[in-house]
Amino acid sequence: MAGVMSGLTAEGRDLTSFAPAPVRRRGAPIRVQVLVLTLRSIKVLVLDPRMILLNAMGPLLMLLIFSQIFGSISATPQFPRGVSYIDFLVPAIMVNSAMQAALQTGISLTQEVRSGIISRFRSLPIWLGSILFARSLADLVRSGLQLICVLLFAYALFGFSPAGGISGVFAAWILALTVGGGIGWLFIALACWIRNIDLFQGTTMLVTFPLMFASSAFVPVGGFPEWLRFVATLNPMTYGIDATRALVFGHPVGYGPLVAVVLSLVTIGFSAAVAVRGFRRPL
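Residues numbered from 1 in each chain as written. Predicted model: local features only at pLDDT ≥ 70, side-chain atom pairs only at ≥ 80, totals over all residues. Heavy atoms only, no water.

1. A closer look at the overall build of the protein chain
Part 1 of the reasoning: Within the protein chain one finds eleven helices and zero strands.
Part 2 of the reasoning: Helices (α) and strands (β) of the protein chain occur, in sequence order from the N terminus, as α-α-α-α-α-α-α-α-α-α-α.
Part 3 of the reasoning: In the protein chain, which comprises 283 residues, the proportion classed as buried is 45%.
Part 4 of the reasoning: In the protein chain, once contacts between residues fewer than 6 apart in sequence are set aside, the share between residues at least 24 apart is 78%.
Part 5 of the reasoning: Accessible surface, the protein chain: about 15400 Å² in total, of which carbon and sulfur atoms supply 69%. (Helix = DSSP H or I, 4+ residues; strand = E, 2+ residues; numbered from the N terminus. Buried < 20%, exposed > 50% of the residue type's maximum accessible area, 1.4 Å probe, protein only. Contact = heavy atoms within 4.5 Å. Areas by Shrake-Rupley, 256 points an atom, 1.4 Å probe, with all protein chains shown as cover.)

2. Examining a nonpolar patch on the surface
Part 1 of the reasoning: A cluster of nonpolar side chains, contributed by Tyr239, Tyr255, Leu258, Val259, Val262, Leu263 and Val266, occupies part of the molecular surface with about 680 Å² of accessible area.
Part 2 of the reasoning: At five residues, helix H11 (residues 256-279) tops the list of elements feeding residues into the nonpolar patch.
Part 3 of the reasoning: With respect to the helices and strands, the residue Val266 is situated in helix H11.
Part 4 of the reasoning: Given a relative accessible area of 56%, Val266 falls into the exposed group. (Patch = residues over 30% accessible without salt bridge, like charges linked within 9 Å, V, L, I, M, F, W, Y side chains within 5 Å. Salt bridge = Lys/Arg side-chain N within 4 Å of Asp/Glu carboxyl O.)

3. Comments concerning the packing of helix H4 (residues 85-115) against helix H6 (residues 128-157)
Part 1 of the reasoning: Between H4 and H6, whose axes approach to 9 Å, the crossing angle comes to 145 degrees. As H4 runs across H6, the sense of the crossing is right-handed. Residues Val90, Ile93, Met94, Ser97, Ala98, Ala101, Gln104, Thr105, Ser108, Leu109 and Glu112 of H4 touch H6, and the partners they reach there are Leu132, Arg135, Ser136, Asp139, Arg142, Ser143, Gln146, Leu147, Val150, Leu151 and Ala154.
Part 2 of the reasoning: The residue makeup of the contact of H4 with H6, split by class, is eleven nonpolar, seven polar and four charged. (Axes fitted to C-alpha atoms, helices over the stretch in contact; angles between N-to-C directions. Left-handed = near helix turned anticlockwise from the far one by under 90°. Nonpolar A, V, L, I, M, F, W, Y, C, P; charged D, E, K, R; others polar.)

4. A word on the pattern of salt bridges
Close approach of charged atoms allows side chains of opposite charge to pair.
Part 1 of the reasoning: Applying the stated criterion to the full structure yields three salt bridges.
Part 2 of the reasoning: Of the charged contacts in the structure, one is a salt bridge between Asp139 and Arg135, with a shortest N-O distance of 3.9 Å. Here Asp139 and its partner Arg135 are both found in helix H6, four residues apart, which amounts to about one turn of the helix. Of the two residues, Asp139 and Arg135, neither departs from the other in class, the shared state being buried.
Part 3 of the reasoning: As a salt-bridge pair, Arg245 and Asp242 come within 3.9 Å of each other at their nearest N and O atoms. With Arg245 and Asp242 both in helix H10 (residues 236-249) and three residues apart, this pair spans about one turn of that helix.

5. Here we look at the environment of Pro29
Part 1 of the reasoning: Looking at where Pro29 falls in the secondary structure, it is placed in the loop between helix H1 (2-5) and helix H2 (30-47).
Part 2 of the reasoning: Assessed through its relative accessible area of 42%, Pro29 is described here as partly exposed.
Part 3 of the reasoning: It is 8.6 Å that separates the C-alpha atoms of Pro29 and Ile126, two residues lying 97 residues apart in sequence.

Below is the structure:
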């Protein structure tokens, strides 16, 4: 009797060997995880498309204000001949809008950490990196729709007339999203390590300001002081904006788009590795 109570039969066999093995939960394949989490984030856009129009208002205000402030630059010798300032400005607004949408990726991530949603995800049998990739893809979709709104409004309200035609604008749209996605992973990596939304926003302001203004976004680099011109040549935004402009203008692009894409992919690879490592830390 004592043997039976201890888990053994009278013949000495172990009854515990017949106990069912504990069930180990296995998560879905990573591609399915990313798809499901991406659709979860996109659902917010479907339920409230006003967010896209609201986010498009910022770039439109930039078009209005900067075209009035810097419009006279089109008469300077450094400015490209035969190009209106609006046509010069729109490609920069496209890349800048993609960057701002990428910034929102990091802000949303820090908000989800604070709200406790990330803690719930971490209890599931999923790869934590799938949360980051899903957030990036969802915001890439939002950014793409936002850029379409900006282009339509620029054409209808500001007289935007790209010489590169629809094919050039489409290629520029793809390139702007690629550059914005690359920069977006920098913000995701920062969010994974900082995790405090106030500190994150302060840090990103220090990053986005030189990226935007120390570049060829609003005025030709040839008119910069020598030291600022050197900084602009190191700025990845300059390569993305110049390549986007060449596509919109219908000019020979050379290796510009390829350089911008390669830099973006390198940035994504490095930042994704840093972001996933930071995301694994305890909350």
